[in-house]
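Tertiary structure, described
Each chain is listed here by its residues.
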Amino acid sequence: MQTIDMSSNPSCVAEHKSRPPVHAQTIVVNPNHTLRNAFVWIKDGLPAAHWTPPAQTVELTQNGCIYEPHVAGIMVGQTLEIVNDDPINHNVHANSKINAPWNIAQAPKAEHKFRKFASPEVLFAMTCSVHPWMNSYIGVVPHPFFSVTGDDGAFRLQGVPPGTYTIEVVQEKLGKKDGTLTLPPSGTASIDFTYGSQ
Ligand SMILES: [Cu+2]
């Protein structure tokens, strides 16, 4: 991925004086040729149930004019906690379509902001109205069975009841794929997804 050019904003550049160059995270390929930052969730097949969101917040931090993490999952009704660690203004814009979109300014080192999402929505972009290179993605899920692939390309969904499920993976640039997975009454099951030529 290309190095992000922050030269239009010296304050952002200053934040990176002692850091390595920052690259766009549109597609991040791990050393083992797997994809990082792919969002994986159970799209269909769960029994009808109300899943209570955890009290723990999901944090989205603006640090050096970059969002961290780049991709996050959150449950319907769970709190997103937005943090500005930078000495400059940011403006967080949730580009959601099912949930009402919002746009909030956050001053340097300001108090944290808190937002919740009322409806499932996988996946939408968070952008910054001040810094065009800033983006991250959020998946809002009605249950706790979601994951974001890490530096080994793997995902793990734990505590899933036995059943047959549609598992969907969503990558911001490469799009969506799904597959069917049957989980036996005890034990585990696995599914692989591949993008590009095979
Ligand atoms: Cu910004």
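In this report, we go over the structure that sits alongside the text. (Residues numbered from 1 in each chain as written. Predicted model: local features only at pLDDT ≥ 70, side-chain atom pairs only at ≥ 80, totals over all residues. Heavy atoms only, no water.)

When helices and strands are tallied, the chain shows one helix and 15 strands. Seen through its C-alpha atoms, the chain measures out along the principal axes to roughly 55 × 40 × 25 Å. Out of the 198 residues in the chain, the part that is buried amounts to 41%. Excluding contacts between residues fewer than 6 apart, the proportion of contacts in the chain whose partners are at least 24 apart in sequence is 57%. By element, 50% of the accessible surface of the chain is carried by carbon and sulfur atoms, the whole surface being about 10600 Å². Taking the average place of the 13 positive charges on the side chains of the chain and the average place of its 16 negative ones, the gap between the two points comes to 3 Å. (Helix = DSSP H or I, 4+ residues; strand = E, 2+ residues; numbered from the N terminus. Buried < 20%, exposed > 50% of the residue type's maximum accessible area, 1.4 Å probe, protein only. Contact = heavy atoms within 4.5 Å. Areas by Shrake-Rupley, 256 points an atom, 1.4 Å probe, with all protein chains shown as cover. Lys, Arg positive; Asp, Glu negative; His and termini not counted. Charge placed at Lys NZ, Arg CZ, Asp CG, Glu CD.)

Here the focus is the side chain of H70. By secondary structure assignment, the location of H70 is in the loop between β5 (67-68) and β6 (71-75). In this structure the side chain of H70 is engaged in a polar contact, spanning 3.4 Å, whose partner is the backbone oxygen of Q25. A distance of 2.6 Å separates a polar atom in the side chain of H70 from a polar atom in the side chain of E172. (Polar contact = N/O pair within 3.5 Å; in protein donor to acceptor, adjacent residues only side chain to side chain.)

One open sheet accounts for four strands, arranged β5-β4-β7-β10; its pairing is mixed. The outermost strands of the open sheet, each flanked by one partner alone, are β5 and β10 (113-116). Where strand β4 (residues 58-62) and strand β7 (residues 79-84) come together, five bridges link them in parallel fashion. Bridge assignment links V58 to a residue of β7, and that residue is L80. (Pairing = 2+ DSSP bridges.)

Six octahedral donors at a metal ideally form angles of 90 or 180 degrees, and four tetrahedral donors ideally form angles of 109.5 degrees. Donor atoms from the polypeptide that bind the copper ion are H90 (ND1), C128 (SG), H131 (ND1) and M134 (SD), placed at 2.0 to 2.6 Å. Coordination at the copper ion is tetrahedral, judged from the four donor atoms that bind it and the angles of 98 to 132° they form at the metal. Spacing between the donor residues of the copper ion along the chain follows H-x37-C-x2-H-x2-M. The buried category is assigned to C128, whose relative accessible area is 6%. Since its relative accessible area comes to 1%, M134 is described here as buried. (Donors = N, O, S within 2.8 Å, 3.2 Å for Na, K, Ca; no water. Tetrahedral: all angles 85-135°; square planar, octahedral: opposite > 155°, others 65-115°.)

Moving on: the sheet that holds strand β15 (residues 175-183). Taken in spatial order, the four strands line up as β13-β3-β14-β15 in an open sheet, and their pairing is antiparallel. The open sheet has two edge strands, β13 (146-148) and β15, and neither has a second partner. This sheet shows a mean twist of 25° between the axes of neighbouring strands, independent of strand direction. (Axes fitted to C-alpha atoms, helices over the stretch in contact; angles between N-to-C directions.)

The subject of this paragraph is the side chain of H143. Within the secondary structure layout, H143 lies in the loop between β12 (135-141) and β13. We classify H143 as buried; its relative accessible area is 5%. Within the local environment of H143, its side chain forms a polar contact with the backbone oxygen of I42, the two atoms lying 2.8 Å apart. If we skip the residues at most four places from it in the chain, H143 touches W41, I42, L46, W51 and M75.

This paragraph deals with the environment of N37. Relative to the elements of secondary structure, N37 occurs in the loop between β2 (35-36) and β3 (39-44). For the pair N37 and V160, spaced 123 residues apart in sequence, the C-alpha separation works out to 22 Å. Sequence-distant contacts of N37, that is, excluding residues within four places in its chain, are made with Q25, V28, H70, V71, V148 and T149.

On to the pattern of salt bridges, then. Enumeration over the complete set of coordinates arrives at one salt bridge. As a salt-bridge pair, K43 and E168 come within 3.3 Å of each other at their nearest N and O atoms. Placement of K43 in strand β3 and of E168 in strand β14 (residues 163-171) is noted, with a sequence separation of 125 residues between them. Judged by its relative accessible area of 3%, E168 is buried. (Salt bridge = Lys/Arg side-chain N within 4 Å of Asp/Glu carboxyl O.)

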